[in-house]
Amino acid sequence: MPQTFRDAKSYRSMLFVPGHKLDWMLKAPKYGSDALILDLEDSVGMAEKPAARAAVAEAIKELRAKRIGLFVRINGWRTGCLIDDLNAVVLDGLNGVMLSKTEDPADVAALDLVLGELERSRGLPNGEIEICPYPETAVAMYRLYEICMASQRVKRAGAATGPQPGGDSARSLGIQLGDESPEAAAFAAYSVLQVRAAGIVHVEGAMTARLNDPDLVRRNGEKSKRMGASFASAIHPSHIPIINEIYSPSQDEVDEACELVAAMAAGLAAGQAAVRYKSSMVDYAGARAAMDLLKRARAAGMNVGDVPALELPA
C-alpha cells in the first residue's frame, strides 16, 4: 500500500516570541517569518504565566487577519499549566500548539481529545489545530514514530540535526555536544526516519541559541536541509532572512524542475514513462521530486510560470 503523507501548509521559518511581551508579539510579523511561536513555556516564569496567557490570546486576536501562521508553545502535561494554557489560547486564528516535553503517544492522544472538545464547544472547525510534539528525552526520541502516529493533527516534527548542545535531549542521552558536533547526526537520521515513516513531510531543522553568529545559522540550516529538513525555528529575528533563503528553492532549482516536468509531460504524451533529460534518464520518481520542489516554491511566493499538469501513478 502506498504511503500516505499528511498535507499541511508549508512554513520555511517560525519565530519564537515570549508570550508575556505583547508588544513584541504584535510587531513580530515585520521580521518576515512565515509563522510565529508565541511561547508560554520556558521564556515565561511561573508567576508571569497567567498574564502571559491573556497576552497571547490578545495577540492571536490582533494577528489572525495577517498572512502568518500562529502557533503557541504550551507547557507540558504534568506541569499543572497545560489546561489553563489551552483554555486561554484555543481561539479562532490559532494554527497549532507545540507540546513541550512530549513523553509518549498518550500525551499526544490526550491533547487531541482536549483540543477536539474545545473546538466543538467554541464553534471552531474540528481537527484543524495542529499538534507539534517536542520530544526532549531519550524515551521520547526512541518512540517518536509512535508519538507522531498518535494523532492526525501531528503534521510537522523534527529535528533533522538531532539533539542540540545544552538542551534537555542531549542531557537525557548523556552526550556532550558542541554547536556543530557530528555525533548528533546518528540521532538526526533516526528522527527523520521516524517522522517520514509517519507520513510527515514538514521536518524541523536545527536552531541555535547563539544570537550573533549568522554563519552558524547558515551552516546549521544547510546541514539540516541535507538531512531532510524543510523548515527551522529561530529565537532571534536576525536569523529569519537566512532561514527563509535556505528553505526556499533557488531560481536555478525552479527552472530545472520546470524543464524536467515539461520533458516528462512530453514523454507521457508519447507513451513513454521514462525520458531523457539532459544527460540522465528520468522517470516517475524524478517527476514527483520536481513537482514537490515546485509546490514548495509556490508556497514561498515564487512565480514558477506555466507548468504542465502531470497525473502520475501513486
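Conventions we followed
- Note on numbering: residues in each chain are counted from 1, in written sequence order.
- A pLDDT threshold of at least 70 governs which residues receive local features in this predicted model, and a stricter bar of 80 or more applies before side-chain atom pairs are shown or counted, although totals over entire chains, interfaces and linings include all residues.
- Note that water and hydrogens are dropped before the side-chain values are worked out from all heavy atoms of the structure.
- UniProt positions are given in the numbering used here, feature names are shortened, and annotations may be inferred rather than shown by experiment.
- Centre distance within 6.5 Å is the pairing criterion for rings of Phe, Tyr and Trp, where only the six-membered ring of Trp is used; planes under 30 degrees apart are then read as stacked, over 60 as edge-to-face, and the remainder as tilted.
- Numbering of helices and strands runs from the N terminus, with a helix taken as a DSSP run of H or I at least four residues long and a strand as a DSSP run of E at least two residues long.
- Between buried and exposed lies partly exposed: a residue is buried under 20% and exposed over 50% of the maximum accessible area for its type, with that area taken using a 1.4 Å probe on protein chains only.
- A ring is considered to have a charge above it if a Lys NZ or an Arg CZ atom is located within 6 Å of its centre and within 35 degrees of its normal.
- For the purposes of these results, a polar contact is taken to be a pair of N or O atoms within 3.5 Å, where, inside protein, one atom must be able to donate a hydrogen and its partner to accept one; residues adjacent in sequence count only when each atom of the pair is a side-chain atom.
- Multiplying 1.5 Å by the helix residue count minus one yields the expected span of that helix.
- Comment: arc refers to directions from the helix axis out to C-beta atoms.
- In this analysis, the protein atoms alone were mapped onto a 1 Å grid. Cavities are point sets where a 1.4 Å probe fits without being able to get out; pockets are open sets with protein on both sides within 12 Å along at least five of seven lines; lining residues have an atom within 4 Å of a point.
- Grid points are joined across faces, edges and corners, and a volume is the space filled by probe spheres set on the points.
- Residue polarity follows a fixed list, in which Ala, Val, Leu, Ile, Met, Phe, Trp, Tyr, Cys and Pro are nonpolar, Asp, Glu, Lys and Arg are charged, and the others, Gly among them, are polar.
- In this scheme, patches are assembled from residues that exceed 30% relative accessible area and form no salt bridge. Like charges are connected within 9 Å, while nonpolar side chains (Val, Leu, Ile, Met, Phe, Trp, Tyr) are connected within 5 Å.
- Only the protein chains shown count as cover for residues, and the accessible areas themselves come from Shrake-Rupley with a 1.4 Å probe.
- For salt bridges, the criterion is a side-chain nitrogen of Lys or Arg within 4 Å of an Asp or Glu carboxyl oxygen.
- Just so you know, the count uses Lys and Arg for positive and Asp and Glu for negative, and it drops His and the chain ends.
- Lysine's charge is taken at NZ, arginine's at CZ, aspartate's at CG and glutamate's at CD.
- Contacts are assigned to residue pairs with any non-hydrogen atoms lying within 4.5 Å of each other.
- Only strands that DSSP links by at least two bridges are regarded as paired with each other.
- In this analysis, axes come from line fits to C-alpha atoms, helices being fitted only over the stretch in contact, and the angle between any two N-to-C directions falls in the range 0 to 180 degrees.
- Each domain's extent is set by a domain assignment, obtained either automatically or from a database.
- Crossings are assigned a handedness: left-handed for a near helix turned anticlockwise from the far helix by less than a right angle, right-handed for a clockwise turn.

The name an unreviewed UniProt entry assigns to the chain is CoA ester lyase, from the organism Bradyrhizobium forestalis. Per UniProt, the chain has the following entry under Cofactor (unreviewed entry): "Mg(2+)". Under the UniProt heading Sequence similarities (unreviewed entry), the note attached to the chain is "Belongs to the HpcH/HpaI aldolase family."

> I would appreciate a short explanation of the packing of aromatic side chains in the present structure.
The description of two aromatic rings rests on the distance between their centres and on the angle between their planes. All chains considered together, the criterion is met by 1 aromatic pair. Summarising the aromatic geometry, the rings of Y11 and F71 are spaced 5.7 Å apart at their centres and angled 90 degrees between planes, so their arrangement reads as edge-to-face. Residue Y11 is located in the segment before β1 (13–18), and its partner F71 is located in strand β3 (residues 69–74); the two are separated by 60 residues in the primary sequence. The same class applies to Y11 as to F71, namely buried. Above the plane of the ring of W24 lies K21, whose end atom (NZ or CZ) is 5.2 Å from the centre.

> What is the right way to look at the UniProt feature "binding site: Mg(2+)" (unreviewed entry) in the chain in this model?
UniProt's entry tags E136 and D168 with the feature "binding site: Mg(2+)" (unreviewed entry), counted in the numbering of this structure. Here E136 lies in the loop between β5 (130–135) and α5 (138–142). A relative accessible area of 15% means that E136 is categorised as buried. Within polar-contact distance, the side chain of E136 engages the backbone nitrogen of K101 at 2.9 Å.

> What is the right way to look at helix α8 (residues 184–197) in this model?
Here α8 spans 20 Å end to end across 14 residues, near enough to the 20 Å set by a 1.5 Å rise per residue. A184, A188, S191, V192, Q194 and V195 are the residues of α8 that are buried. All buried residues of α8 lie within an arc of 165 degrees about the axis, which places them on one face of the element. Structural note: α8 exposes A186 and L193 on the side pointing more than 90 degrees away from its buried face.

> For this particular structure, what's the right way to read empty space enclosed by the protein?
Gaps between atoms show up when a probe of the same size as a water molecule is rolled over them. Summed over all chains, the structure comprises 2 cavities of 30 Å³ or more. Computed from the structure, the largest cavity encloses a volume of approximately 80 Å³. In this structure, the largest cavity is lined by 13 residues; those nearest its centre are A206, V217, A232, S233 and I243. Put simply, the parts of the chain that give the lining of the largest cavity at least two residues each are α9 (214–226), β8 (232–234) and α10 (240–246). The residue inventory of the lining of the largest cavity, partitioned by class, reads 8 nonpolar, 5 polar and no charged. Approximately 40 Å³ is the volume attributed to the second largest cavity. Lining the second largest cavity, in full, are M14, M98, C132, P133, Y134, R156, A157, E204 and F231. Looking at the lining of the second largest cavity, the elements that each hand over two or more residues are β5 and β6 (156–158). Per-element accounting of the lining of the second largest cavity gives the leading share, 3 residues, to β5.

> Help me understand a negative patch on the surface, please; the structure alone is not making it clear to me.
A surface patch of negative charge is lined by D252, E253, D255 and E259. Structurally, the position occupied by E259 is in helix α11 (residues 251–269). Its relative accessible area of 41% is what places E259 among the partly exposed residues.

> Please explain the UniProt feature "binding site: substrate" (unreviewed entry) in the chain as it appears in this structure.
The UniProt record marks R73 and E136 with the feature "binding site: substrate" (unreviewed entry), using the residue numbering of this structure. Spatially, the listed residues are clustered: although they cover 64 residues, their C-alpha atoms lie within 14.0 Å of one another. A relative accessible area of 12% places R73 in the buried class. With sequence-adjacent residues up to four places away left out, R73 is seen in contact with F16, I37, L38, D39, L40, E41, D42, M98, S100 and Y134.

> What should I look at first to understand the sheet that holds β8 in this one?
The strands that make up a sheet pair up through hydrogen bonds in the backbone, lying either parallel or antiparallel. Overall, parallel pairing links the 6 strands, which are arranged β5-β4-β3-β2-β1-β8 in an open sheet. The strands lining the two open edges of the sheet, one partner per strand, are β5 and β8. Across the sheet, the axes of successive neighbouring strands diverge by a mean angle of 25 degrees, strand direction being ignored. As defined by bridge partners, β3 adjoins strand β4 (residues 96–102) across 4 bridges and the pair is classed as parallel. Within β4, the residue paired with V72 across the bridge is V97.

> Teacher, can you tell me more about the domain arrangement of the chain here?
Domains assigned within the chain are domain 1 (13–247) and domain 2 (251–300). Each of domain 1 and domain 2 was reduced to a C-alpha centroid, and the two centroids are 33 Å apart.

> Got a minute to help me understand the packing of helix α3 (residues 82–89) against helix α4 (residues 105–121) in this structure?
The description of two packed helices rests on the angle between their axes and on the distance between the axes. Two numbers describe how α3 lies on α4: the axes approach to 11 Å, and their chain directions differ by 35 degrees. Of the two possible hands of crossing, α3 and α4 adopt the one that is right-handed. Between α3 and α4, the contacting residues are I83, L86 and N87 on the first element and L111, V114, L115 and L118 on the second. Residues that form the contact of α3 with α4 fall into these classes: 6 nonpolar, 1 polar and no charged.

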